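So the chains spell out like this:
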Amino acid sequence: RKKLVLVDGSSYLYRAFHALPDLRTKAGEPTGAIRGVLSMLRLLVDKEKPDYLGVIFDAPGKTFRDDWYPEYKANRSPMPEDMRPQIAPLYEIIKAQGWPLIVESGVEADDVIGTLARQAEAANIECVVSTGDKDLAQLVSPLITLKNTMSNELLDEAGVVAKFGVKPSQILDYLTLIGDTVDNVPGVPKVGPKTAVKWLTEHGTLDAIVENADKITGVVGENLRNALDWLPKAKQLLTVKCDLALAYAPDSLTFAPADNTALLGYFERFEFKGMANEVRQTPVILSNAKDQVAHETAPHEQTTLLNKPDPSLTLRMTAEKKPRQYKTILTEPDLDELITALNASPLTCFDTETTSLEPMLARIVGLSFAWTPFEAVYIPLAHRYPGVSEQLPFAATLAKLKPWFEDASKLKLAQNAKYDEHVLLNHNIQVRGIAHDTLLEDYVLESHKPHDMDSMALRFLGEKTIKFEDVAGKGAKQIGFDEVSIEAASEYSAEDSDVTLRLHHEIWPQVAQDDKLKYIYESIELPTREVLVRIERNGVLIDATLLQKQSHELGLQVNALEQKAYELAGQPFNLGSPKQLGEILFGKLGMPIKRKTATGQPSTDEEVLSELAEDFPLPKLLLEHRSLSKLKSTYTDKLPKMVNPNTGRVHTNYGQATAITGRLSSNDPNLQNIPVRTPQGREIRKAFIAPPGSVIVSADYSQIELRIMAHISQDPSLLDAFAKGLDIHKATAADIFSLPIEEITSEQRRYTKAVNFGLIYGMGAFGLASQLGIERNAAQQFIDKYFARYPGVAEYMQATRESARANGYVETVFGRRLTLTDINGGNGPRRAGAERAAINAPMQGTAADLIKLAMIAVDEWLATSGLRSKLIMQVHDELVLEVPEDELDRVRVEVAEKMTGVAKLRVPLVADVGVGANWDEAH
């Protein structure tokens, strides 16, 4: 059969608008809905490969249902302000794409879809309706199915029964009984899905239910009898009209040739780089300029915008993507030829294929190289499977390549080069001359976007790349890369190097043309990567015996808490089950429900338990139980198992391109989440130890974000307090309470400390009141006093909000760009969150820049000083070193000087240095 796909364009539009962040061009034009709809349409067309296509939108103005029932859809919110200007260009792009666009006045998109679907069914054409609208389930038949692109849900006849509990032929009656709140069509009061399914299962149809209405007892029976006069009107309103007189039939909805000139214009205007590149690579010239037929009549009459190709049109491709030339190296002469080419190349991209994602354990399976776009080579070295071709000798080949890898004058490029450096170090090859890393280039350019190669290729090149699962399989059936066929591996790995090279040519010019971004990339991110390689390989020594003892003690505490919880609840229950927890807290114990989950169940998340803990003992105990259980499972149980068998140390992996602020992340293990303020967290830190004859040194920036706030806001009082070296919280309290600093109490200091740090994170009166346990008015008065004393801070915050709204981003002191996608969004909470982030991000981002600069400075000093001391961890604003005792005096002084000397702010930088046999003692 032929296939017709009908797209509920209005459903797509609203879903895309609300699902995506507030994307905008540099000129401020909103683009999120356009991008989202186009992405969904492209995906749908690519997946379904229809013979006929219709993209149907609701027309503005009233429909016949408004005449039947003036209250129809009366409770709908007006169209979001930022959605409206996106509609007209979206229509034009759809038409330029060659997709039939339909907008019929006086009727709804559902009615057009219903009519075309039934016509297709009569013509024996398979029809897929792409929508998220449950009303259209009444159309489902053997030839008509619904597909929800967002959830990938497919509703055929069996699917409708599974989802709703009734057959497609009963959907209309079902909807009539329960009503449609979205369209403001009342049903029978108190009748929900369960009751409607029960009645329809028993009686079959709405008419039969009406006939037996007097036999249905209870409140719902009374409500049904009271609604009998209304139900025919409700059913009429909810019926999808399937007999419209349309000027076109399903088989006329064919694809028109794309108008690439128009598409390129729109994609460049809306800054859709990947789509624009795709069009540039496949330009199309039409032999006949008449590439569309549009029928438009007066408003509120039938209006059809229908792409219908002229039969005389012919299509000529004037250019195609350059064909790829990938080669597999299997002989010594080919290897020698490759090495000659590598030595002659001004910049070469390389990539490693390995046995593991764990950098310190991964072994090479093969290597790929690219220095000319669309060309690449792959050297298989360790593939093993029955019938595998003969490969070059492993050790001898790496020995031949080692001089090139270790020659700093041979410039190299990679995607996430840190991983590849580790892999080659595992084979005793020290890579030098890495000039660029596309992961970091993209991170500096657009930190809020995903930076994996597949996403970047789609965004910048408009290309879908081969995924690892495509060559190695998925799940339990996935094989190692060494078991992948050489042919498949060559295509996969060569593409990685080729695409990375082409991504560099796209991204680097954009970074290089902005002096601030270029500085962040060249002077901070690239050198930081080199330092992280050394820190990760250094690793940290742990006391496994101590951790096992702590694990046992935590286990006893967790068990004791469980027994206490059972006592408070009056019964045993699973503390890890949200369902059982909800039944105990909100059912048996009658605690107030604070919030509900997306499925309508009472929430038992940490925030809710924290609120309840103020008034009830069980939630407080549950929070303690969760905290201790997490410490046990994440650290005391797990850390001893993470010791590298080759080094006897634990090696974390730092994510350099994760947080948009520039902060590093840490995983396997996550060193940044070990609590420093709880006794149990400090106990775990005691297990991070120095070897005999050495000590742990911790160097931590003091109150760095408050110092950055003083620098950026230039508030005279803050600058003065830091210049005098005062306790900033006491000094602030003295200013606010109008008292001498020596008379400030610990309680007053606590209040002021909460304000100092809270304002950095955009905290308002409500948040401060919750934190301090005071009335909201009192918290607001406290904030007002603070701003009156420090007007520069208030001015900075307001100016930053305005700048963020105008530019869509804020910057750190050093020029790192922090994009705020929701700063101009239509969603109030998201916009408020973006405004808070706008205030905090410059400080947190500047702190991230400073600690990276400090790492670089300390690492460079250690490398040139001849000392045996080494950096072993970086956590938040802290550097941790392992220092031989005979080097301690020098290191304590020099590290502090290096950290405080990396930048000159309007206030002095201070680094506190501690020493101990373990991390806890040193911090």
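Here the structure is a predicted model, which means the values were calculated and not measured. (Residues numbered from 1 in each chain as written. Predicted model: local features only at pLDDT ≥ 70, side-chain atom pairs only at ≥ 80, totals over all residues. Heavy atoms only, no water.)

A. Structural context of the packing of helix H20 (residues 486–512) against helix H21 (residues 515–538). Axis separation between H20 and H21 bottoms out at 7 Å; the angle between their running directions is 115°. Taken as axis vectors, H20 and H21 run roughly perpendicular relative to one another. For the pair H20 and H21, the contacting residues are Trp508, Val511 and Ala512 in the first and Leu517, Lys518, Tyr521 and Glu522 in the second. Among the residues forming the contact of H20 with H21, the class breakdown is 5 nonpolar, no polar and 2 charged. (Axes fitted to C-alpha atoms, helices over the stretch in contact; angles between N-to-C directions. Helix = DSSP H or I, 4+ residues; strand = E, 2+ residues; numbered from the N terminus. Parallel < 35°, antiparallel > 145°, perpendicular 65-115°, else oblique. Contact = heavy atoms within 4.5 Å. Nonpolar A, V, L, I, M, F, W, Y, C, P; charged D, E, K, R; others polar.)

B. How the structure looks around helix H4 (residues 84–97). Its 14 residues place the ends of H4 21 Å apart at the C-alpha level, agreeing with the 20 Å of an ideal helix rising 1.5 Å per residue. Where burial is concerned, most of H4 is hidden: 10 out of the 14 residues are buried. Buried within H4 are the following residues: Gln86, Ile87, Pro89, Leu90, Tyr91, Ile93, Ile94, Lys95, Ala96 and Gln97. Gly98 sits one or two positions beyond H4 and adopts a positive phi of about 95°. (Expected span 1.5 Å × (residues − 1). Buried < 20%, exposed > 50% of the residue type's maximum accessible area, 1.4 Å probe, protein only.)

C. View of the pattern of salt bridges. Scanning the model with the defined rule gives 53 salt bridges in all. Between Glu48 and Lys147 there is a salt bridge whose closest N-O contact spans 2.8 Å. Of this pair, Glu48 sits in helix H2 (residues 32–48) while Lys147 sits in strand E5 (residues 144–148); the two residues are 99 residues apart in sequence, bridging distant segments of the chain. Just as Glu48 is buried, Lys147 falls in that class too. Ionic pairing is found between Arg502 and Glu463, a salt bridge with its closest N-O pair at 2.7 Å. Of the two residues, Arg502 is situated in helix H20 and Glu463 in the loop between helix H18 (453–461) and helix H19 (468–472); the sequence distance between them amounts to 39 residues. Classification of Arg502 by relative accessible area gives buried; the value is 6%. Given the relative accessible area of 5%, Glu463 is considered buried. (Salt bridge = Lys/Arg side-chain N within 4 Å of Asp/Glu carboxyl O.)

D. Main features of the side chain of Asp173. As for its position among the elements, Asp173 is in helix H7 (residues 171–178). Of the polar contacts made by the side chain of Asp173, one reaches the side chain of Lys235; its length is 2.9 Å. Setting aside residues no more than four positions away along its own chain, Asp173 makes contact with Leu200, Thr205, Leu206 and Lys235. (Polar contact = N/O pair within 3.5 Å; in protein donor to acceptor, adjacent residues only side chain to side chain.)

E. View of the packing of aromatic side chains. For the structure shown, the criterion picks out 21 aromatic pairs. An angle of 5° between the planes, with centres 6.5 Å apart, marks the rings of Tyr266 and Phe270 as stacked. The class of Phe270 is buried, set by a relative accessible area of 3%. Ring centres 5.5 Å apart and planes at 45° place the aromatic pair Trp508 and Tyr521 in the tilted group. Here Tyr521 lies in helix H21 and Trp508 lies in helix H20, a separation of 13 residues in the sequence. Just as Trp508 is buried, Tyr521 falls in that class too. Here a set of aromatic residues connected by ring pairs shows up, and it is made of Tyr266, Phe267, Phe270 and Phe272. (Phe/Tyr/Trp six-rings, centres within 6.5 Å; stacked < 30°, edge-to-face > 60°.)

F. View of unusual backbone geometry. Asp668 connects to Pro669 through a cis peptide bond whose omega is 0°. Relative to the elements of secondary structure, Pro669 occurs in the loop between strand E17 (665–667) and helix H26 (679–685). The backbone phi angle of Asn416 is positive, close to 60°, even though this residue is not glycine. Mapped onto the fold, Asn416 is located in the loop between strand E13 (412–414) and helix H16 (417–425). Within the chain, Asn428 stands out as a residue other than glycine whose phi angle is a positive 65°.

G. Spotlight on the sheet that holds strand E10 (residues 348–354). A sheet is described by the order of its strands in space; here 6 strands give the open sequence E9-E12-E11-E10-E13-E14, paired in mixed fashion. With one partner strand each, in any of the chains shown, strand E9 (325–328) and strand E14 (434–437) form the two edges of the open sheet. Looking at each pair of strands side by side, their axes are set apart by 25° on average, direction ignored. One ladder, built from 4 bridges, connects E9 with strand E12 (residues 375–380); its direction is parallel. (Pairing = 2+ DSSP bridges.)

H. Up close: the pairing of strand E23 (residues 878–884). When you tally the buried positions in E23, you get 7 out of 7 residues, the bulk of the element. Side chains Glu878, Val880, Glu882 and Pro884 project from E23 onto one buried face, and the interleaved Leu879, Leu881 and Val883 project onto a second face that is buried too. Summarising the sheet, strand E22 (residues 870–875) and E23 pair through 5 bridges and their orientation is antiparallel. When the sheet's bridge partners are listed, Val875 is paired in E23 with Glu878.

I. Here's a closer look at helix H24 (residues 606–613). Within the sequence span of H24, burial applies to Val608, Leu609, Leu612 and Ala613. Down the axis of H24, the smallest arc covering the buried residues is 135°, so these residues share one side. In H24, those exposed residues whose orientation departs by more than 90 degrees from the buried face are Glu606 and Glu607. The elements touched by buried residues of H24 are helix H23 (578–588) and helix H25 (617–636). (Arc of directions from axis to C-beta.)

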